[in-house]
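# Summary of the model geometry
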Amino acid sequence: MRAVDILEYAFSDFSNNKFKTMMSSLGIIIGVMAIVVMLTLGDGLYSGVSKQFGDLDLDQMLVIPGSLQSQSGGVSYTYSQASEKPPAKFTDRDISLLMSTPGVVEVNARIMESGVVTYNEENRSLSIQGIHAASEARLARDIDKGRFLSSTDTYSVVLGSKVANGTFTKLIRPGSLITITNPMNGRSHQYTVVGILKESNGSIISGDPNTNIYMTTDGIKGFSSASTYSMIYVRASSPEAAQQTADNVEEALGRLHRNEGYGVITVKSFSDAINAIFDYIKYILGGIAAISLVVGGIGILNVMMLTVKERTKEIGLMKAVGATTADVRMLFLSESAMLGIASGLIGLVIAWLIALVIGSLAGMPMPLTLDNVLIGLGFGFVTTTVAGVYPANQAATLDPIEALRTE
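Residues numbered from 1 in each chain as written. Predicted model: local features only at pLDDT ≥ 70, side-chain atom pairs only at ≥ 80, totals over all residues. Heavy atoms only, no water.

As recorded in an unreviewed UniProt entry, the protein chain goes by ABC-type transport system, involved in lipoprotein release, permease component and comes from Methanocella conradii. Its UniProt record gives the protein chain the following Sequence similarities (unreviewed entry) comment, quoted word for word: "Belongs to the ABC-4 integral membrane protein family." As stated in UniProt under Subcellular location (unreviewed entry), the record for the protein chain gives "Cell membrane". (UniProt positions renumbered as here; feature names shortened; annotations may be inferred.)

Shown next, in the form of structure tokens:
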């Protein structure tokens, strides 16, 4: 029996039994649609969260005081005095050392504080960062109004977009005066706003620049007694060189802080952790959706078994005129496989439409990737083919004489 004849025979059976074909394929359509939609939702969720973090600067790393602790899926750090070593105290000496470390192209040290900011008789608790203005070229490029800080500024500040536009009832503009108070010691000082940053996405490790207040390290002494850096951002020459640069940084700092705890975290470690978490979520969702494919496969198994019973006499006639056991088996397997392919394609189209609607409503891209499409179609094809094996064997092993006697 030629392949063309088998395909023609299968198509003829589908067209003669449209309702039965539609009902048997429904489970596969829903199953493939559910798998592809779930996998696509997982990808879209990852893209949306990554967008909130901003671009993943894989050439960047963070140096922090304290002890690093390995955890499943990522790293964390602690300032606990109960750690094996006390937290390192980073100073200007560390900045000079890091700038001369092989692979390092940029060093930005930050003093992190929080304070109560008073403007127009309103108080808000906000994050303040003391920086070296000369080394913050990236921040300087994001100025929207006014100017950026200069190294000679002491009691001047630059505000993130959200701080200036919406944190207080009245919008803050360059030239405005704000007062920052340290709630721990009661010290306060008045600062002049010299610039407002554009709204922008932050880095995965530097946080959201829109909610920060920036001032020079000299200026932060107006309300804080902090004298060491809370963290140091280091940039490597390229993402490929980031890990080697991180090793060089850790080795260099080890010479100054032998008995102090510190950690070097690359952005790639965060990126890998996020990827791992979202891969788990995506495939768990896909696994749940695959249950509907199993149900669809059972439905096809039942339909194919009924088809064998209905066509027993027809099978006997085919064998009587020369069809072999292999021909009959291939005929039924082809029918189930074709049903799987057709149902999978329909499910794929529906999944694309659903992803398009959800993406529009959620405001995030949800494209169907080739991997997700192949997984969905592959599961649909395998499920229907496996479901057709037993009925095909039953049909192939029928005795032609007994089959012809069937009424």
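Back to the text.
This next bit is on the environment of A395. Within the fold, A395 resides in helix α10 (residues 370–396). Sequence separation of A395 and F332 is 63 residues, and the distance between their C-alpha atoms is 7.9 Å. (Helix = DSSP H or I, 4+ residues; strand = E, 2+ residues; numbered from the N terminus.)

With 41 residues, the main nonpolar core has L159, I178, I213, I232 and V249 as its most contacted residues. Among the elements that take part in this core, strand β4 (residues 104–119) stands out by supplying 6 residues, more than any other. Each residue touching L159, except ones within four places of it in the same chain, is listed here: A164, I172, I178, V193, G195, I196, L197, N212 and I213. Residues I131, A133, V158 and Y214 belong to the second largest nonpolar core, which totals 10 residues. (Core = buried A, V, L, I, M, F, W, Y, C linked by side-chain atoms within 4.5 Å. Buried < 20%, exposed > 50% of the residue type's maximum accessible area, 1.4 Å probe, protein only. Contact = heavy atoms within 4.5 Å.)

Turning to unusual backbone geometry, a few remarks are in order. Positive phi outside glycine occurs at N120, with the angle close to 55°. With respect to the helices and strands, the residue N120 is situated in the loop between β4 and β5 (122–131). A positive phi is found at E121, a non-glycine position, where the angle reads about 65°.

A few words now on the pairing of strand β10 (residues 212–216). Of all 5 residues that make up β10, 5 are buried, and the element is covered over most of its length. Both faces of β10 are covered, namely the face carrying N212, Y214 and T216 and the face carrying I213 and M215. By the bridge criterion, 2 bridges tie strand β7 (residues 156–159) to β10 in an arrangement that is antiparallel. Note that in β10 the partner of V158 across the bridge is Y214. (Pairing = 2+ DSSP bridges.)

Another aspect to go through is the side chain of E106. Considering the arrangement of structural elements, one finds E106 in strand β4. If sequence neighbours within four positions are ignored, E106 has contacts with M99, S135, R138, Y233, V234 and R235.

Our next topic: α10. For α10, which comprises 27 residues, the first-to-last C-alpha distance of 37 Å matches the rise-based estimate of 39 Å (1.5 Å per residue) to within 8%. Of all bends in α10, the biggest is about 35°, found at V389, and the proline P391 comes one to four residues later. Of the positions making up α10, those classed as buried are N372, V373, G376, G380, T383, T384, A387, G388, P391, A392, A395 and A396. (Expected span 1.5 Å × (residues − 1). Bend = angle between axes of the 7 residues up to and from the residue.)

Turning next to the packing of aromatic side chains. Going through the model one piece at a time under the given rule, you end up with 3 aromatic pairs. Centroid distance Y155 to Y191: 5.7 Å. Interplanar angle 70°. Geometry classified as edge-to-face. Separated by 36 residues along the polypeptide, Y155 in the loop between β6 (143–146) and β7 and Y191 in strand β9 (residues 188–197) bring together distant segments of the chain. On the accessibility criterion, Y155 (36% relative accessible area) is partly exposed. (Phe/Tyr/Trp six-rings, centres within 6.5 Å; stacked < 30°, edge-to-face > 60°.)

With respect to the helices, strands and loops of the structure, P391 is situated in helix α10. Each C-alpha atom, one on P391 and one on N302, is 8.7 Å from the other, the two residues being 89 residues apart in sequence.

This next bit is on the UniProt feature "transmembrane region" (unreviewed entry) in the protein chain. Under the UniProt annotation, "transmembrane region" (unreviewed entry) lies at residues 21–42, 283–308, 339–361 and 373–392. For residues 339–361, the end-to-end C-alpha separation is 33 Å, with 100% helix and 0% strand making up the annotated structure. Secondary structure content for residues 373–392 is 100% helix and 0% strand, and the end C-alpha separation is 28 Å.

In the sheet, β4 pairs with β5 via 9 bridges, with the strands oriented antiparallel. Its bridge partner lying in β5, E113 is registered against I128. Counting the residues that bridge the hairpin from β4 to β5 gives 2 residues, and of these N120 lies at a positive phi of roughly 55°. Where β5 and β10 come together, 5 bridges link them in parallel fashion. Looking at the pairing, Q129 lines up with Y214 of β10.

This part takes up the packing of helix α3 (residues 92–99) against helix α6 (residues 242–256). Look at α3 against α6: their axes get within 10 Å of each other, and the N-to-C directions meet at 140°. On the basis of their axis angle, the class for α3 and α6 is oblique. Note that α3 runs across α6; the crossing there is right-handed. Mapping the contact onto sequence places R93, D94, L97 and L98 in α3 and V249, A252, L253, R255 and L256 in α6. Residues belonging to the contact of α3 with α6 are distributed by class as follows: 6 nonpolar, no polar and 3 charged. (Axes fitted to C-alpha atoms, helices over the stretch in contact; angles between N-to-C directions. Parallel < 35°, antiparallel > 145°, perpendicular 65-115°, else oblique. Left-handed = near helix turned anticlockwise from the far one by under 90°. Nonpolar A, V, L, I, M, F, W, Y, C, P; charged D, E, K, R; others polar.)

A word on the packing of helix α9 (residues 325–362) against α10. Closest axis-to-axis distance for the α9/α10 pair is 7 Å, and the angle between their directions is 155°. In this view, α9 runs roughly antiparallel relative to α10, as classed from their interaxial angle. Relative to α10, the crossing made by α9 is right-handed. Where α9 abuts α10, its residues T325, V328, R329, F332, L333, S336, A337, G340, I341, G344, L345 and L348 lie against V373, L377, G380, F381, T384, T385, G388, V389, A392, N393, A395 and A396.

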